[in-house]
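The primary structure of each chain is shown beneath.
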Amino acid sequence: PFRQLYIAEKTGRVWKHKGLMDGPFNKEGYHCGNGAYSVDGNRFYFTRCKKQSDNKIICAVYVSRLENGVWQEPESLGKEVNDPQYTTTQPSIAFDNKKKTDIVYFVSNRPKGRGGLDIWYTKYDSKTKEYITPMNAGSKINTAGDEYTPFYDSDLSTMYFSSDGWPGLGGLDI
């Protein structure tokens with residue numbers, strides 16, 4: 001079965017399944033997931049993954065823009081970000097107040113990382129209308145192990161993530 005994006009609605013303390021997410025996000029033949037809204041709610045970033053001929057699954061990050069109340073057809077963040085040889089997944093969004101642009105954190109196994117899966121980031125360049133060359137989040141976050149599920153809390157200026165490369169209780173500590 002293929003993974004898809006779904007909606008749940010909370011009424012009081014109870015969550016209720018509402019079905020597939022409306023919009024152009026789910027795509028036949030792809031696993032879709034790991035969604036994150038921009039700070040202003042006008043962009044939705046998510047992952048699409050597809051099994052390659054060698055049975056390796058490669059993921060790419062897409063963005064859909066909300067225009068006049070309608071989600072537009074998703075666009076890839078481009079080959080600079082979504083290198084077709086490596087996986088790019090689990091987007092998380094922060095906002096650069098100085099440049100008034102999204103910062104997209106994501107997980108990838110691309111070269112020049114510190115371990116298997118590292119946390120990377122890119123920014124949208126409004127002049128060129130492209131996402132800049134990704135940068136590794138560095139050794140204060142990434143280890144020789146794997147890092148997953150980045151989440152940037154803008155209010156606290158704090159990155160939360162899971163890692164199996166930092167000492168702790170074991171597994172994927174936060």
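That block above? That's the structure.
In this text the structure is predicted, and so the values were computed from the model without any measurement.

(A) Representation of a nonpolar patch on the surface within the structure. A surface patch of nonpolar side chains, about 480 Å² in accessible area, is lined by F151, L156, Y160 and I174. Here Y160 is to be found in strand 14 (residues 158-163). Residue Y160 is classed as partly exposed on the basis of its relative accessible area of 36%.

(B) Spotlight on the side chain of R48. In this structure, R48 sits in strand 4 (residues 43-51). Although R48 lies buried, it forms no salt bridge, and the closest oppositely charged side chain, E73, sits 4.6 Å away as judged by the N-O distance. Within polar-contact distance, the side chain of R48 engages the backbone oxygen of P24 at 3.0 Å. A polar atom in the side chain of R48 sits 3.0 Å from the backbone oxygen of F25. Residue contacts for R48: discarding those within four places in its chain leaves P24, F25, K27, Y30, H31, C32, I58, C59, A60, Y62 and P74.

Criteria and cut-off values
Residues numbered from 1 in each chain as written. Predicted model: local features only at pLDDT ≥ 70, side-chain atom pairs only at ≥ 80, totals over all residues. Heavy atoms only, no water. Patch = residues over 30% accessible without salt bridge, like charges linked within 9 Å, V, L, I, M, F, W, Y side chains within 5 Å. Areas by Shrake-Rupley, 256 points an atom, 1.4 Å probe, with all protein chains shown as cover. Salt bridge = Lys/Arg side-chain N within 4 Å of Asp/Glu carboxyl O. Helix = DSSP H or I, 4+ residues; strand = E, 2+ residues; numbered from the N terminus. Buried < 20%, exposed > 50% of the residue type's maximum accessible area, 1.4 Å probe, protein only. Lys, Arg positive; Asp, Glu negative; His and termini not counted. Polar contact = N/O pair within 3.5 Å; in protein donor to acceptor, adjacent residues only side chain to side chain. Contact = heavy atoms within 4.5 Å.

By themselves these figures say nothing about function.
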